[in-house]
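What follows is the residue order along each chain.
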Amino acid sequence: MSQEEIEVRKLPKKSIIIIVVMAILIVIGFMFEVFTINLKMEEELAKMGHKNISDIKVVNKMSVEDTETRIKSTVYKLTFFDKDLQKECIGFVHRSNNGKYSKDIDCK
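Notes on the structure in this doc start here. (Residues numbered from 1 in each chain as written. Predicted model: local features only at pLDDT ≥ 70, side-chain atom pairs only at ≥ 80, totals over all residues. Heavy atoms only, no water.)

### Digging into the layout of surface pockets
In this model, the largest pocket occupies a volume close to 160 Å³. Along the walls of the largest pocket sit Phe30, Glu33, Val34, Ile37, Asn38, Lys57, Val58, Val59, Asn60 and Lys61, which together make up its complete lining. Of the residues contributing to the lining of the largest pocket, the split by class is 5 nonpolar, 2 polar and 3 charged. (1 Å grid on protein atoms, 1.4 Å probe; cavity = no way out; pocket = protein on both sides within 12 Å on 5 of 7 lines; lining within 4 Å. Points joined across faces, edges and corners; volume = space filled by probe spheres on them. Nonpolar A, V, L, I, M, F, W, Y, C, P; charged D, E, K, R; others polar.)

Below, the structure is given as structure tokens:
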């Protein structure tokens, strides 16, 4: 078979439309999840004393497990700017398995 005899079939328009719609839905879902996580962290930081903040960004979300008790919890690594302190802050917010939050944040 030579190069000229190879037939290339085009994707049907219906398949292209389905792929585009699915890609758009995935992007919207991802943006919604990032927005809600940032909103939740902003709310929890306000409860813990950082009321006037901006530019919050959740860098990482990790599931962790205590080696002795085998209890699972979640740790969020985040950065934000504290307007009251006029400092950039970075640190961790820990969410225990019973829904309580604690923080380990350093502002410079």
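### What to know about the pattern of salt bridges
Enumeration according to the criterion identifies 6 salt bridges in this entry. The partner of Glu65 in a salt bridge is Arg70, with the nearest N and O atoms 3.2 Å apart. With relative accessibility at 60%, the residue Arg70 sits in the exposed group. (Salt bridge = Lys/Arg side-chain N within 4 Å of Asp/Glu carboxyl O. Buried < 20%, exposed > 50% of the residue type's maximum accessible area, 1.4 Å probe, protein only.)

### Some remarks on the nonpolar core
Counting residues in each nonpolar core, the largest one holds 13 residues, and the members touching the most others are Met41, Leu45, Ile56, Leu78, Phe80, Val93 and Ile105. Put simply, the parts of the chain that give this core at least two residues each are helix H1 (13-47), strand S1 (53-65), strand S2 (72-82), strand S3 (87-95) and strand S4 (101-107). Aside from chain neighbours lying at most four places away, what touches Phe80 is Leu45, His50, Ile53, Ser54, Asp55, Ile56, Lys87, Glu88, Cys89 and Ile105. (Core = buried A, V, L, I, M, F, W, Y, C linked by side-chain atoms within 4.5 Å. Helix = DSSP H or I, 4+ residues; strand = E, 2+ residues; numbered from the N terminus. Contact = heavy atoms within 4.5 Å.)

### Details of the side chain of Asp82
As for its position among the elements, Asp82 is in strand S2. There is no salt bridge for the buried Asp82, and the closest opposite charge comes from Lys103, which lies 7.6 Å off by N-O distance. A polar atom in the side chain of Asp82 sits 3.4 Å from the backbone nitrogen of Leu85. Beyond its immediate chain neighbours, meaning those up to four positions away, Asp82 contacts His50, Asn52, Ile53, Lys87 and Cys89. (Lys, Arg positive; Asp, Glu negative; His and termini not counted. Polar contact = N/O pair within 3.5 Å; in protein donor to acceptor, adjacent residues only side chain to side chain.)

### Describing the state of the cysteines
Taken as a whole and assessed by the stated rule, the structure comprises 1 disulfide. Here Cys89 connects covalently by a disulfide to Cys107, the sulfurs 1.9 Å from one another. In this structure, the disulfide formed by Cys89 and Cys107 twists by about 105° around the S-S bond and is classed as right-handed. Of the two residues, Cys89 sits in strand S3 while Cys107 sits in strand S4, which places them 18 residues apart along the sequence. By the burial criterion, Cys89 is buried, and Cys107 matches it. (Disulfide = S-S within 2.5 Å.)

### A short note on the pairing of S3
Taken together, the 9 bridges between S2 and S3 define a ladder with antiparallel strand orientation. Pairing of Phe81 across the sheet is with Glu88, part of S3. Hairpin geometry of S2 and S3 is characterised by an intervening segment of 4 residues between the two adjacent antiparallel strands and by a positive phi of about 55° at Gln86. Bridge count for S3 against S4 is 7 bridges, and the pairing is antiparallel. The residue of S4 that forms the bridge with Arg95 is Tyr101. Hairpin connection from S3 to S4: 5 residues lie between these consecutive antiparallel strands, with Gly99 at a positive phi of about 90°. (Pairing = 2+ DSSP bridges.)

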